[in-house]
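The chain contents come next:
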Amino acid sequence: MSTYTVSGRFQSRDGFQPFTKDVEAENEDLARERIYTTVGSQHNRKRAQIEIEEVSAA
């Protein structure tokens, strides 16, 4: 498994909140899925409210 750095933003009450997270995944697609699940559950946001701008190998 590789470590990926994912950056983007999610919709909040005050507009959009930026984020950068490191996740372990087998490829970039699974890293995106992991971000959707973790950010969505932590901040109670749907996938449509999360915008991933960049996925890069760390």
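Just so you know, the residues in each chain are numbered from 1, in the order the chain's sequence is written. Local features in a predicted model are, by the rule used here, given only for residues with pLDDT of at least 70; side-chain atom pairs are given and counted only at 80 or more, and totals for whole chains, interfaces and linings are based on all residues. In computing side-chain values, all of the structure's heavy atoms are included and hydrogens and water are not.

The protein chain goes by Large ribosomal subunit protein eL20 in an unreviewed UniProt entry, where it is assigned to Halorubrum kocurii JCM 14978. Recorded in UniProt for the protein chain, the comment headed Sequence similarities (unreviewed entry) runs: "Belongs to the eukaryotic ribosomal protein eL20 family." In the Subunit (unreviewed entry) part of its UniProt record, the protein chain is described as follows: "Part of the 50S ribosomal subunit. Binds 23S rRNA." UniProt positions are given in the numbering used here, feature names are shortened, and annotations may be inferred rather than shown by experiment.

A closer look at the packing of aromatic side chains
In this analysis, rings of Phe, Tyr and Trp, with Trp reduced to its six-membered ring, are considered paired at centre separations within 6.5 Å, and the interplanar angle assigns stacked below 30 degrees, edge-to-face beyond 60, and tilted for intermediate values. Overall, the coordinates contain 1 aromatic pair when judged by the stated rule. On the numbers, 6.2 Å between centres and 35° between planes, the contact of Phe10 with Phe19 is tilted. Both residues of the pair, Phe10 and Phe19, count as buried. The ring centre of Phe16 lies 4.0 Å from the NZ or CZ of Arg9, which sits over that ring. When accessible area is computed with a 1.4 Å probe and restricted to protein chains, residues below 20% of their type maximum are described as buried, those above 50% as exposed, and intermediate ones as partly exposed. Whether a charge lies above a ring is judged from NZ of Lys or CZ of Arg, which has to be within 6 Å of the ring centre and within 35 degrees of the ring normal.

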